[in-house]
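The lines below spell out each chain.
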Amino acid sequence: QVQLTQSGGGLVQAGGSLRISCAASETIFNINAMGWFRQAPGKERELVAAISARGSTNYTDSVKGRFTISRDNAKKTVYLQMNNLKPEDTAVYYCALRLGLGSRAADFGSWGQGTQVTVSS
């Protein structure tokens, strides 16, 4: 089973930037789409951004123009660059391997351990 290890994140002021990374243990990563989710306290886990094996991307409306998902297949790593962060971006962020066709958490697996991102106002 693919293991995903996250790094990055932390505390930043509103308007600042952070990058979080997710490294995969297996080369199967190269043929799978990947996603970044986030979960704020009391809220459901939501898909923030996804990237196909070929690099096609999509984003939830609230982060379009601010977040960029990318991948380096040689390093088996996917990144989420977050710019112009807002307090409402505060959440635990998770990377995951896409297993199905949908955008729900149930369509993804091999979850990373989670990374706290906190944006202060």
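Residues numbered from 1 in each chain as written. Predicted model: local features only at pLDDT ≥ 70, side-chain atom pairs only at ≥ 80, totals over all residues. Heavy atoms only, no water.

K.L.:
Even after reading the chapter, I still don't get the environment of K64, so can you show me in this structure?
P.N.:
Tracing the backbone shows K64 in the loop between strand 6 (57-59) and strand 7 (67-72). For K64 and A49, which are 15 residues apart along the polypeptide, the C-alpha to C-alpha distance reads 9.1 Å. A distance of 3.0 Å separates the side chain of K64 from the side chain of D61, its partner in a polar contact. (Helix = DSSP H or I, 4+ residues; strand = E, 2+ residues; numbered from the N terminus. Polar contact = N/O pair within 3.5 Å; in protein donor to acceptor, adjacent residues only side chain to side chain.)

K.L.:
Mind showing me how you'd approach unusual backbone geometry here?
P.N.:
Residues other than glycine seldom take positive phi values, yet K76 does so here, at roughly 55°. As for its position among the elements, K76 is in the loop between strand 7 and strand 8 (77-82). Its identity is not glycine, yet S110 carries a phi of approximately 55°, on the positive side. Turning to its location among the elements, S110 is positioned in the loop between strand 10 (108-109) and strand 11 (115-120). On the accessibility criterion, S110 (15% relative accessible area) is buried. (Buried < 20%, exposed > 50% of the residue type's maximum accessible area, 1.4 Å probe, protein only.)

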